[in-house]
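Reading the structure
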Amino acid sequence: MREPAHLTFINRYLNWQRVGERLDRYKHIGKMFTIKKLQECSEKPPFYCHYLSWRLGTWEDERLFEFLDKLLEISTGLPGWDKESRIPGGCEFDKFWGFVWELQTATFFADHLGLKTEWKKTGPDIQVSVDSASFFAECTTYRKSFALEEFIGELFSCIH
């Protein structure tokens, strides 16, 4: 069976040296994602790349990685953080934005508002305490066909 046409572009444009350099440069990203783990998705359809490896290996702008590294620094320091349950597994391209949204939400409550914020193992994602009251936040992102559209757009942006 022939390899899918888009795999040719992935192999051509995903720069693994750049991925490694960025994992080294951004210590909190590198702590959460190993290059070995990112490379495991290289053989898995339909994307043939991890949701973060593509971005680390193709994006030119460093600002999002600086931002993501800061989000991880703050969020992983909150009570209840568990790498195994919080880091989205699998290779699906849309998991990236849902993950960033969770980190942004936790960082907003903890760092920007200075509220006691903790990750929950089950149920809602985050518990926030204000004085003697608590509320819960579930960080949901609407995805539907977003993953495929986003992937195609990013792949085509490398081509032209």
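The structure displayed is predicted, hence computed values, not measured ones.

This part is about the layout of surface pockets. Over the atoms rolls a probe the size of a water molecule, and its path tells where empty space is left. Of the pockets and cavities examined, the largest pocket occupies roughly 270 Å³. Lining of the largest pocket is provided by 15 residues; of these, Met 32, Lys 37, Ile 87, Pro 88 and Gly 89 occupy positions nearest its centre. Tallied by class, the residues present in the lining of the largest pocket amount to six nonpolar, four polar and five charged.

Looking at the chain as a whole, its pLDDT mean stands at 92, while 99% of the residues score no less than 70. Here helix 9 (residues 146–159) stands out as the element of the chain with the lowest mean pLDDT, 82, in contrast to helix 2 (residues 16–25), whose mean of 98 is the highest.

Right, let's get into the nonpolar core. A general trend in soluble globular proteins is that nonpolar side chains are found buried together. Counting residues in each nonpolar core, the largest one holds 41 residues, and the members touching the most others are Ile 10, Ile 29, Phe 33, Leu 52, Leu 68 and Leu 103. Of all the elements in the fold, those that place two or more residues in this core are helix 1 (5–13), helix 2, helix 3 (27–32), helix 5 (51–58), helix 6 (63–75), helix 8 (95–112), strand 2 (126–130) and helix 9. If we ignore the near neighbours within four places in the chain, the residues touching Ile 29 are Leu 23, Leu 52, Phe 65, Leu 68, Asp 69 and Leu 72.

Here the focus is helix 6. Along its 13 residues, helix 6 runs 18 Å from first to last C-alpha, staying within 8% of the 18 Å computed at 1.5 Å per residue. Along helix 6, the residues classified as buried are Phe 65, Leu 68, Asp 69, Leu 71, Leu 72, Ile 74 and Ser 75. Against the buried residues of helix 6 lie helix 2, helix 3, helix 5, helix 8 and strand 1 (116–119).

For the coordinates displayed, the defined rule picks out 15 aromatic pairs. Cluster of aromatic residues (ring-pair linked, three or more members): Tyr 26, Trp 59, Phe 65, Phe 96 and Trp 97. Sitting above the plane of the Phe 93 ring, Arg 55 keeps its charged end 4.0 Å from the centroid.

What counts and how
Along each chain, the written sequence defines residue order, and numbers are assigned to residues from 1. Since the coordinates come from a predicted model, pLDDT governs what is reported: local features require at least 70, and pairs of side-chain atoms require 80 or more to be given and counted, while whole-chain, interface and lining totals use all residues. The side-chain quantities take in all heavy atoms of the structure and omit both hydrogens and water. Here the term cavity refers to a set of points on a 1 Å grid, laid over the protein atoms alone, in which a 1.4 Å probe fits but cannot get out; the term pocket refers to an open set having protein on both sides within 12 Å along at least five of seven lines, with lining residues being those that place an atom within 4 Å of a point. Grid points are joined across faces, edges and corners, and a volume is the space filled by probe spheres set on the points. The classification used treats Ala, Val, Leu, Ile, Met, Phe, Trp, Tyr, Cys and Pro as nonpolar, Asp, Glu, Lys and Arg as charged, and all other residues, Gly among them, as polar. Confidence of the predictor at the level of single residues is given by pLDDT, which spans 0 to 100. By the criteria applied, helices consist of DSSP H or I runs no shorter than four residues and strands consist of E runs no shorter than two, each listed in order from the N terminus. Residues grouped as a nonpolar core are buried Ala, Val, Leu, Ile, Met, Phe, Trp, Tyr and Cys residues, joined through side-chain atoms within 4.5 Å. Burial classes: relative accessible area under 20% of the type maximum marks a residue as buried, over 50% as exposed, and values in between as partly exposed (1.4 Å probe, protein chains only). Should any heavy atoms of two residues lie within 4.5 Å, those residues are considered in contact. Each residue after the first adds 1.5 Å to the expected span of a helix. Note on aromatic contacts: the rings of Phe and Tyr and the six-membered ring of Trp form a pair at centre separations within 6.5 Å, being stacked when their planes are under 30 degrees apart, edge-to-face when over 60 apart, and tilted otherwise. Only Lys NZ and Arg CZ are tested; either one counts as a charge over a ring when it is within 6 Å of the ring centre and within 35 degrees of the ring normal.

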